[in-house]
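Coordinates in review
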Amino acid sequence: MSRPVNLYTAESFSPEEADILRRYFTNLDEPVFALVNLPEVVKGALFARYSRSMSSLRRLFLDEFVDDLDITGDITIDATVGLRRAEALYDRVFFEYGDDSVAQLGGVHLACEQASNLLTKVLEWGRLMAYLEQSTRYIAYDQRLGGRYRYYRDSQVLNSSLGTRYVGDIDRMFSTYSELVPVMQDFFRANVPKESGDSDFAYRQAIKARALDSIRGLLPAASLSNVGVYGTGQAYEALLLRMRAHPLPESRFYADMMLTELRKVIPSFLKRVDLPDRGGLTSRYLADNRGAMEDLAGRVFGDAVGGPVADDSVDLVDFDPDGETKMIAAMLYPHTSLADRTVESRVRAMPAAERVAVARAYCGDRQNRRHRPGRALERVYYRFDVLSDYGAFRDLQRHRMLTVEWQPLSPRHGYVRPSAVDAAGEDERFDAVMARSARLYEALTAEFSDQASYAVALAYRIRYSMQMNAREAMHMVELRTTPQGHPAYRRVCQRMHTLIAEEAGHAAVAELMSFVNHSADPGLGRLDAENRVERLRTVQSHPSSDLSAGRDGEDDGGLAQG
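The structure contained in this document is the topic of the report that follows. (Residues numbered from 1 in each chain as written. Predicted model: local features only at pLDDT ≥ 70, side-chain atom pairs only at ≥ 80, totals over all residues. Heavy atoms only, no water.)

1. Focus: the sheet that holds strand β5 (residues 313-319)
Spatial ordering of the open sheet is given by β5-β6-β8-β7, a layout of four strands whose pairing is antiparallel. In this open sheet, the two strands that pair with only one neighbour each are β5 and β7 (403-406). Between one strand axis and the next, the sheet turns through 20° on average, direction left out of account. When β5 meets strand β6 (residues 381-389), the two strands line up antiparallel, connected through six bridges. Its bridge partner being in β6, F319 is matched across the sheet by Y382. Across the sheet, helix α18 (residues 470-480) lies against β6 and β8 (461-469), angled at about 130° from β8, the strand it touches most. The strands touched by helix α19 (residues 487-502) are β5, β6 and β8; relative to β6, the strand with the most contacts, the crossing angle is about 150°. (Pairing = 2+ DSSP bridges. Helix = DSSP H or I, 4+ residues; strand = E, 2+ residues; numbered from the N terminus. Axes fitted to C-alpha atoms, helices over the stretch in contact; angles between N-to-C directions. Contact = heavy atoms within 4.5 Å.)

Listed below in structure tokens is the structure:
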């Protein structure tokens, strides 16, 4: 599918900059491009920095990385023309004989820029890929791109009678957000004063994070983001087939751009994507199934929709009442020569104290949340039905070792207004944006049912299910309840932990999750983490300093997770 002209803002570079960039990026003017001819550590560091920068990846590379690299040997390279190399072996083994495992052996770092917050959820759906997304916590969206606010302008909408209204309404949403950035920073500075042990830099960063946290709900789902993706050829093929079957036009346009760039790096792995009898057939299958299920659900449920609710909800809808017994058996199984049924039978006869002793021994002495027990915890499962604001969902959805399904984003479930907005006296301006968002959504729905969600502010709630085993639950709830986490997803994961202990009755599982933090209000939650980072910077600047000053057994709390 060809994309509309001028849909994306092109970057400009000086001739000298372009000469450098051509060696490492597969194009210089599209929002999707692959990274080549760079050490893996540099590509990884670029993506890590990417998530907290307003700069594009190419600009970030020029400004912060190129001076530290020896590029003298790369003068003759021109990555923009593609990699012309012999691929007869891959063609024969992979394409002709269909050995899909070969496509797991080639990986690509791909930058995906100017993607809407609806598209980022499509990009991040696959399990066997790695993602870093631009953060709404550290980057203020009051900065413009090419003179315009940073949101997706769907060409079908813009060319319709609603085009002018779409731009006008979303511009006003961004304007209110921009006006409230300094207001909320002043509010937090006034209410959470700097302590003597806080560095100026750490305090400023923590204030900024809390301010942006409190108003990110004003941003529409059309807001643009940058996503760094790393995956194998097989993973990209699966992603592209899903994107080509997606009802959102942006997804299909973007898939074509991704395919063009990936074929410059791993062409053999992607030959099947647009063949009518291979990838084309698979994409049609996915699209037909989606359409059939939407029609069937419409016949079953008719016009019934969920209405506005008073609060978020987390409901434990399914679990195995016998899960802890099976988990204890799984802990012991690899250390015996007995059949699984025999081990489980012996565990059922154990007194409770003995079972607890097994679980504690298996878990060991965890010094921090990165010390994770083994796969026996995967014997237990939980399924949650969650209703939270879209901002929290977009963070939790990136936990890809679980099963997550979500319903369409709309204003029907109401929205969450942070208490800090009320305390700052900005509730009326916040509510006005929510009302504008809902009216624009309703106007778009009749003609553009798939694109209408672009208008929905991130503060509106979305319903989604999350099914996970206990090992993934441990990872997620420990990470997402750290004090530096966003309050919205902290509440969701705190509730999950409580339900595992009390409703499922899996007290032993809940006890193993020893780094879950149930504090209600962490204040400037990012402050401790920012102080640690600042101390580490000082240590690195003065190697004679005590390195332990920057480390206290904690971690970054998933800084790159948004």
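2. Topic: helix α12 (residues 323-332)
Most of α12 sits out of view: eight of its 10 residues are buried. Along α12, the residues that are buried comprise G323, E324, T325, K326, M327, I328, A329 and M331. (Buried < 20%, exposed > 50% of the residue type's maximum accessible area, 1.4 Å probe, protein only.)

3. Focus: the nonpolar core
Y254, M258, Y382, F384 and M496 are the most contacted members of the largest nonpolar core, which has 130 residues in total. By residue number, the principal contributor to this core is helix α7 (residues 163-191), which donates 10 residues. If we skip the residues at most four places from it in the chain, Y254 touches Y8, P31, V32, C112, E113, Q114, A115, L119 and M243. Within the second largest apolar cluster, 23 residues are counted, among which are L35, F61, I71 and A111. (Core = buried A, V, L, I, M, F, W, Y, C linked by side-chain atoms within 4.5 Å.)

4. Regarding the pairing of strand β4 (residues 224-232)
Of all the nine residues making up β4, seven are buried; the element is thus mostly covered by neighbouring parts of the structure. Strand direction decides the pairing type here: strand β2 (residues 107-116) and β4, joined by eight bridges, are antiparallel. If you follow A111 over to β4, its bridge partner there is G228. The pairing of strand β3 (residues 129-133) with β4 spans five bridges and is antiparallel. Within β4, the residue paired with A130 across the bridge is Y230.

5. Remarks on the pattern of salt bridges
Tallying each qualifying case throughout the model produces 35 salt bridges. Ionic pairing is found between R375 and E378, a salt bridge with its closest N-O pair at 4.0 Å. On the basis of relative accessibility, which here comes to 35%, the residue E378 falls in the partly exposed class. Ionic pairing is found between R471 and E378, a salt bridge with its closest N-O pair at 3.3 Å. With a gap of 93 residues between them, R471 in helix α18 and E378 in the loop between α14 (352-363) and β6 connect regions that are remote in the sequence. Among the residues examined, R471 registers a relative accessible area of 26% and is labelled partly exposed. Salt bridges sharing partners connect three or more residues here, namely K121, E124, E133, R216, R394, D395 and R398. (Salt bridge = Lys/Arg side-chain N within 4 Å of Asp/Glu carboxyl O.)

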